[in-house]
Amino acid sequence: MSGVAPAAGRTAIIEVRGLVKRFGQHTVHEGLDLDVYRDEVLSIVGGSGTGKTVLLRQIIGLERPSAGTIRLFGQEMSRLDAAQLQLLRNRWGMQFQRGALFSSLSVLDNIALPLRELRCLPDNLICEAALLKLELVGLSARDADKMPADLSGGMTKRVALARALSLEPELVFLDEPTAGLDPMASDDYVALIRTLRRELKLTVVMVTHDLDSLVALSDRVAVLADRKVLAALPIPQLLQVDHPFIREYFLGERGRRALAAMPEAAAVAASLTDGRAVALTGDS
Ligand SMILES: Nc1ncnc2c1ncn2[C@@H]1O[C@H](COP(=O)(O)OP(=O)(O)OP(=O)(O)O)[C@@H](O)[C@H]1O
Ligand SMILES: [Mg+2]
């Protein structure tokens, strides 16, 4: 695949090859390739409607590809039966873009839900585990009985994250985790992900429009454009890929402001001010 950083010694826990996804006449993905390596934070960016959420849904088996293969933890998704899929399901957690929490369930019951569905632990242990997760995301037992409608935006995101972590996964998917948060809540969330990543040794796949979190958290950024992953690279290398979306997204005013937090990337951005980016050729 072109535009992918060298992977010497790294284990890919997600391998997407030649993915095609169609809804009727509408082709969302066409020949999409992507690797995600253990312990990295990989962010996915792309215009609205380019298929970021649909890509995540296919990786976790909620949506079937029209063609191509997806291997998760070395296992090809299309070959797994329901029991094997359930086993795999225990190894990842997902914070969904919308409808994060069940409005009729308390905070604690929302977090406990994935454990209850497994039906293999007594309820007192499940509640204890859910409380621990609540604390892990910076909330407390006082919040356990609140209903989703009573939470602030930042708290809702944290509860959704606690639920995504409830089965102690090694891989988490975050779909627009900071959307709708004010800058301070967003910074707090980014700090939380950093800590959790370090302490729980998580691999994180994050879809985001938020440039500040992108710069603060990502080891690599995958750009979704023209129905495929155009490149998946650390930001300084990605900036050198000549594509209109990358130029507009990273080298516009907002992009440059965000890149100031990463001196190496800011230097590359400055060197590209004449608008000439290096063309993407072969394995860059
Ligand atoms: N079940 C479905 N049936 C038909 N079309 C769908 C379905 N799910 C998604 N799509 C279409 O697939 C395209 C990609 O949708 P997706 O939600 O993945 O976009 P996105 O990149 O996540 O956008 P955003 O940044 O706005 O969240 C859109 O045109 C959407 O309307
Ligand atoms: Mg989406």
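All figures in this text were calculated on a predicted structure; none of them were measured in a lab.

Please set out the pattern of salt bridges residue by residue, giving values where relevant.
Taken as a whole and assessed by the stated rule, the structure comprises 15 salt bridges. For Lys21, the salt bridge is made with Glu63, and the minimal N-O distance between the two is 3.9 Å. Taken together, the residues span a long stretch of sequence, with Lys21 in strand S1 (residues 12-23) and Glu63 in the loop between helix H1 (52-59) and strand S4 (67-72) at a distance of 42 residues. Residue Lys21 is classed as buried on the basis of its relative accessible area of 6%. With a shortest N-O distance of 3.3 Å, Glu63 and Arg57 are connected by a salt bridge. The class for Arg57 is partly exposed, based on a relative accessible area of 28%. When salt bridges that share partners are traced, they join Lys21, Arg57 and Glu63 into one network.

Describe the site of ligand 1, and please don't skip the residues or the numbers.
Taken together, 13 residues lie near ligand 1, and Ser48, Gly49, Lys52, Thr53 and Val54 sit nearest. A distance of 3.0 Å separates an oxygen atom of ligand 1 from a polar atom in the backbone of Gly51. Protein chains shield 63% of the accessible area of ligand 1, which is 640 Å² for the free molecule. Among the elements that make up the shell around ligand 1, the one with the highest residue count is H1 (3 residues). Class assignment for the residues of the shell around ligand 1 results in 3 nonpolar, 9 polar and 1 charged.

I'd like a rundown of the sheet that holds S4, residues and numbers included.
Adjacent strands of a sheet pair through backbone hydrogen bonds, lying either parallel or antiparallel. Taken together, 4 strands build an open sheet; the order of strands is S2-S1-S4-S5 and the sheet is antiparallel. Unpaired on one side and paired on the other, strand S2 (26-37) and strand S5 (75-76) mark the two borders of the sheet. As paired elements, S1 and S2 share 9 bridges and run antiparallel to each other. When the bridges of S2 are listed, Ala12 appears paired with Tyr37.

Residue-level account of the coordination of the magnesium ion (ligand 2), with values.
Within the protein, Thr53 (OG1) and Gln97 (OE1) serve as the donor atoms for the magnesium ion (ligand 2), at 2.1 to 2.3 Å. Remark: Gln97 occurs in the loop between strand S6 (92-95) and helix H3 (107-118) and Thr53 occurs in helix H1; sequence separation between them is 44 residues. By relative accessible area, Thr53 is classed as partly exposed at 26%.

How would you explain the side chain of Ser213 if you had to name every residue and give the values?
Counting through the fold element by element, Ser213 comes out in helix H7 (residues 211-217). A relative accessible area of 2% means that Ser213 is categorised as buried. When residues no more than four places from it in sequence are discounted, the contact partners of Ser213 are Thr178, Ser186, Val190, Met206, Thr208 and Ser218.

The rules behind these values
- Residues numbered from 1 in each chain as written.
- Chains lettered and ligands numbered in written order.
- Predicted model: local features only at pLDDT ≥ 70, side-chain atom pairs only at ≥ 80, totals over all residues.
- Heavy atoms only, no water.
- Salt bridge = Lys/Arg side-chain N within 4 Å of Asp/Glu carboxyl O.
- Helix = DSSP H or I, 4+ residues; strand = E, 2+ residues; numbered from the N terminus.
- Buried < 20%, exposed > 50% of the residue type's maximum accessible area, 1.4 Å probe, protein only.
- Near = heavy atom within 4 Å.
- Polar contact = N/O pair within 3.5 Å; in protein donor to acceptor, adjacent residues only side chain to side chain.
- Areas by Shrake-Rupley, 256 points an atom, 1.4 Å probe, with all protein chains shown as cover.
- Nonpolar A, V, L, I, M, F, W, Y, C, P; charged D, E, K, R; others polar.
- Pairing = 2+ DSSP bridges.
- Donors = N, O, S within 2.8 Å, 3.2 Å for Na, K, Ca; no water.
- Contact = heavy atoms within 4.5 Å.

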